[in-house]
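Structural characterization, general
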Amino acid sequence: MPRETRESAALFERARAVTPGGVNSPVRAFNAVGGTPRFIASARGAWLTDVDGHEYVDLICSWGPMLLGHAHPEVEAAVREAIARGTSYGTPTRPEVELAEEIVARTPVERVRFVSSGTEATMSAIRLARGFTGRDLVVKFAGCYHGHVDALLASAGSGLATFAVPGTPGVPASSTELTLVLPYNDRAAVEKVFAEHGDRIACLVTEASPGNMGVVPPEPGFNRFLAETCRQHGALFVSDEVMTGFRVSREGQWGLDGKTEGWRPDLVTFGKVMGGGFPAAAFGGRADVMHQLAPEGPVYQAGTLSGNPIATTAGLTTLRLATDAVYAHLHHVADTIKAATSEALGAAGVPHVVQATGTMFSVFFTDAGPDGAVRDFDDAQRTDSAAYAAFFHAMLEAGVHLPPSAYEAWFVSAAHDDRAVQTVLDALPAAARAAAAAAQEGTA
Ligand SMILES: *Cc1c(COP(=O)(O)O)cnc(C)c1O
């Protein structure tokens, strides 16, 4: 008997009457997998409870932020205390300073400015890069998502076109004609574009390790190559760590490659984990670049709720609790789920590739690319979405809530204990068989 979804379905119907698609961010609508999105009534630790009373092991974790799990007692207590002191003043506060200090201590940035979303962070970083360099062009990679910034909602032009075209209606061609879109992990494409336009490029922006086309790690040395290429041409290297920051390691992706290889990005964007489940994000970087920002410098940027005391308290408490032991646990949980998923899909004969960076991972329902890995957006797009949809729904029925899209990272938390992990492991074999059946139907 499938799980009853009456309350979720009723709320979804009401939501669709007043909100486009019934959701406030598109992927939540289940369009990629079909069916009724589960409306969540509460969450604790590794578990979600929906409005029909069903429990799920959460492998979305709010799309990354919930590093410690839901309703962590110490985060909850800190937030309650903060709320009792008022929720927003529009003046500077102590938690902002302490969170900024924590971020500067963990990452390569020397100065940091808070905003309320990752979108705002990348939008502001690009404005600052343009203001600092006095140049207009921006280079990005296909499949990297940086929030819904007009200039970055760009697709590679067809054929020989160098400059990008709008990736969505509503973005004027004039917003993307200064954007260049390249295939990820492709050094030759980067060299070519810098050889042709290097003196006009303000910045290259990349996900530090892409997670928004599934997890597609940079090939060894790729980020260093990007940093060096930017430096040679006087462009800024903007590393988007909104997803990877404080998630893949204590120091984000930079802790996994930049620190060991000895290079630094000029600007970095953060979000997700640093807000501890509240709307907080940031951009930061070299002191001389950040010095150009108002009120020290001429590049304008502002925000009514930027550095909000509740959000920064939640983020600060989360980061202080995110110890080496937490990251070791996340690794253990991720490794266990990765291995079991691969084993179950293999046993069912479902082509798949598991890829990871630090504690972040995803499963592609596809054969590997020509060189045995999914290394760019073209490879990622060969995913069998129908097989994933069948897998997703079988997992959901068994009490595991995966991201409702084949192109997303799976997120775990410090609260994913043996019981939660065992629930995932128990659900995998039947879900793998459901995926195999759907894949068969697709090829038949
Ligand atoms: C989520 C994300 C963003 C956008 O953050 P929002 O808070 O959703 O605006 C930007 N960049 C990356 C890499 C992300 O994963």
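Predicted model, so just to flag it, every value in this text is computed and none were measured. (Residues numbered from 1 in each chain as written. Predicted model: local features only at pLDDT ≥ 70, side-chain atom pairs only at ≥ 80, totals over all residues. Heavy atoms only, no water.)

**Some words on the sheet that holds strand 5 (residues 137-141)**
- Judged by pairing direction, the sheet is mixed, and its seven strands sit side by side in the order 4-12-11-10-9-5-8 without closing on themselves. If you trace the sheet from one side to the other, it starts and ends with strand 4 (111-115) and strand 8 (179-182), each paired once. Taking the axes of each pair of neighbouring strands and ignoring which way they run, one obtains an average angle of 20 degrees across the sheet.
- Both strand 9 (residues 201-207) and strand 10 (residues 236-240) contribute to a ladder of five bridges, which runs parallel. Note that in strand 10 the partner of L204 across the bridge is F237.
- Along the sheet face, helix 7 (residues 222-232) touches strand 5, strand 9 and strand 10 and points at about 150 degrees away from the line of strand 10. (Pairing = 2+ DSSP bridges. Helix = DSSP H or I, 4+ residues; strand = E, 2+ residues; numbered from the N terminus. Axes fitted to C-alpha atoms, helices over the stretch in contact; angles between N-to-C directions. Contact = heavy atoms within 4.5 Å.)

**Observations concerning the domain arrangement of the chain**
- Splitting the chain by domain gives domain 1 (6-67 + 323-443) and domain 2 (73-321).
- Across the boundary between the two partners, domain 1 contributes 31 residues, which contact 32 residues of domain 2.
- Together domain 1 and domain 2 conceal approximately 2400 Å² of surface at their shared face, both sides included; 56% is due to carbon and sulfur atoms.
- Contact with domain 2 buries area across many residues of domain 1, yet Y327, M360 and R375 alone supply 25% of it, more than any other trio.
- Taken together, domain 1 and domain 2 are joined by three salt bridges.
- In this structure, E219 and R375 form a salt bridge, with 2.7 Å as the shortest nitrogen-oxygen distance.
- Where domain 1 touches domain 2, the interface holds 13 residue pairs in polar contact (both at pLDDT 80 or more).
- Tallying contributions element by element places strand 14 (residues 360-364) first for the side of domain 1 that touches domain 2, with four residues.
- In terms of residue class, the side of domain 1 that touches domain 2 is built from 18 nonpolar, seven polar and six charged. (Domains from an automatic or database assignment. Buried area = accessible area lost by both parts, 1.4 Å probe. Salt bridge = Lys/Arg side-chain N within 4 Å of Asp/Glu carboxyl O. Polar contact = N/O pair within 3.5 Å; in protein donor to acceptor, adjacent residues only side chain to side chain. Nonpolar A, V, L, I, M, F, W, Y, C, P; charged D, E, K, R; others polar.)

**Quick look at the site of the ligand**
- Taken together, S117, G118, T119, Y145, H146, G147, E207, N212, D240, V242, M243 and K272 are the residues near the ligand.
- Within the side chain of N212, one N or O atom sits 3.0 Å away from an oxygen atom of the ligand.
- A distance of 2.6 Å separates an oxygen atom of the ligand from a polar side-chain atom of K272.
- Taken together, the residues that form the shell around the ligand break down as three nonpolar, six polar and three charged. (Near = heavy atom within 4 Å.)

**Things to note about the packing of helix 3 (residues 94-106) against helix 11 (residues 309-321)**
- Between helix 3 and helix 11, the shortest axis-to-axis distance is 9 Å and the interhelical angle comes to 40 degrees. As helix 3 runs across helix 11, the sense of the crossing is left-handed. For the pair formed by helix 3 and helix 11, the contact residues are P95, E96, E98, L99, E102, I103 and R106 on the first element and P309, T312, T313, G315, L316, L319 and R320 on the second.
- Broken down by class, the residue content of the contact of helix 3 with helix 11 amounts to six nonpolar, three polar and five charged. (Left-handed = near helix turned anticlockwise from the far one by under 90°.)

**Describing the nonpolar core**
- In this structure, I103, M274, F365, Y388, F391, M395 and W410 are the most contacted members of the largest nonpolar core, which totals 67 residues.
- For this core, the leading source of residues is helix 15 (residues 418-443), giving ten residues.
- Each of two domains, domain 1 (6-67 + 323-443) and domain 2 (73-321), supplies a minimum of three residues to this core.
- Every residue in contact with M274, bar those within four places of it in the chain, is listed here: L99, I103, F114, F246, A280, A281, A282 and G315.
- Residues L180, M213, F225 and V374 belong to the second largest nonpolar core, which totals 28 residues. (Core = buried A, V, L, I, M, F, W, Y, C linked by side-chain atoms within 4.5 Å. Buried < 20%, exposed > 50% of the residue type's maximum accessible area, 1.4 Å probe, protein only.)

**Quick word on the layout of surface pockets**
- If you add up the space inside the second largest pocket, you get close to 720 Å³.
- Forming the walls of the second largest pocket are 30 residues, and the residues nearest its centre are E96, V112, R113, F114 and P295.
- Elements with a minimum of two residues in the lining of the second largest pocket: helix 3, strand 4 and helix 10 (287-290).
- Here the lining of the second largest pocket takes four residues from strand 4, the largest share from any one element. (1 Å grid on protein atoms, 1.4 Å probe; cavity = no way out; pocket = protein on both sides within 12 Å on 5 of 7 lines; lining within 4 Å. Points joined across faces, edges and corners; volume = space filled by probe spheres on them.)

**Observations concerning unusual backbone geometry**
- With an omega of 10 degrees, the peptide bond between A294 and P295 qualifies as cis.
- Its identity is not glycine, yet F30 carries a phi of approximately 70 degrees, on the positive side.
- Position of F30 relative to the elements: it lies in the loop between helix 1 (6-18) and strand 1 (40-44).
- Among the residues examined, F30 registers a relative accessible area of 2% and is labelled buried.
- Residue C61 is not a glycine yet carries a positive backbone phi of 50 degrees.
- Along the chain, C61 falls in the loop between strand 3 (55-58) and helix 2 (73-84).

**Some words on helix 14 (residues 385-397)**
- Helix length check: helix 14, at 13 residues, gives a terminal C-alpha distance of 18 Å against a target of 18 Å (1.5 Å per residue), a fit within 8%.
- Of the residues that open helix 14, the one with a side-chain oxygen 3.2 Å from the backbone nitrogen of A386 is D384.
- G399 sits one or two positions beyond helix 14 and adopts a positive phi of about 90 degrees. (Expected span 1.5 Å × (residues − 1).)

**Considerations on the UniProt feature "modified residue: N6-(pyridoxal phosphate)lysine" (unreviewed entry) in the chain**
- Using the residue numbers shown here, the UniProt feature "modified residue: N6-(pyridoxal phosphate)lysine" (unreviewed entry) corresponds to K272.
- On the secondary structure map, K272 appears in the loop between strand 11 (267-270) and strand 12 (281-285).
- K272 sits in the partly exposed class, given a relative accessible area of 25%.
- The residues contacting K272, other than those within four sequence positions of it, are W63, P65, V242, M243 and A280. (UniProt positions renumbered as here; feature names shortened; annotations may be inferred.)

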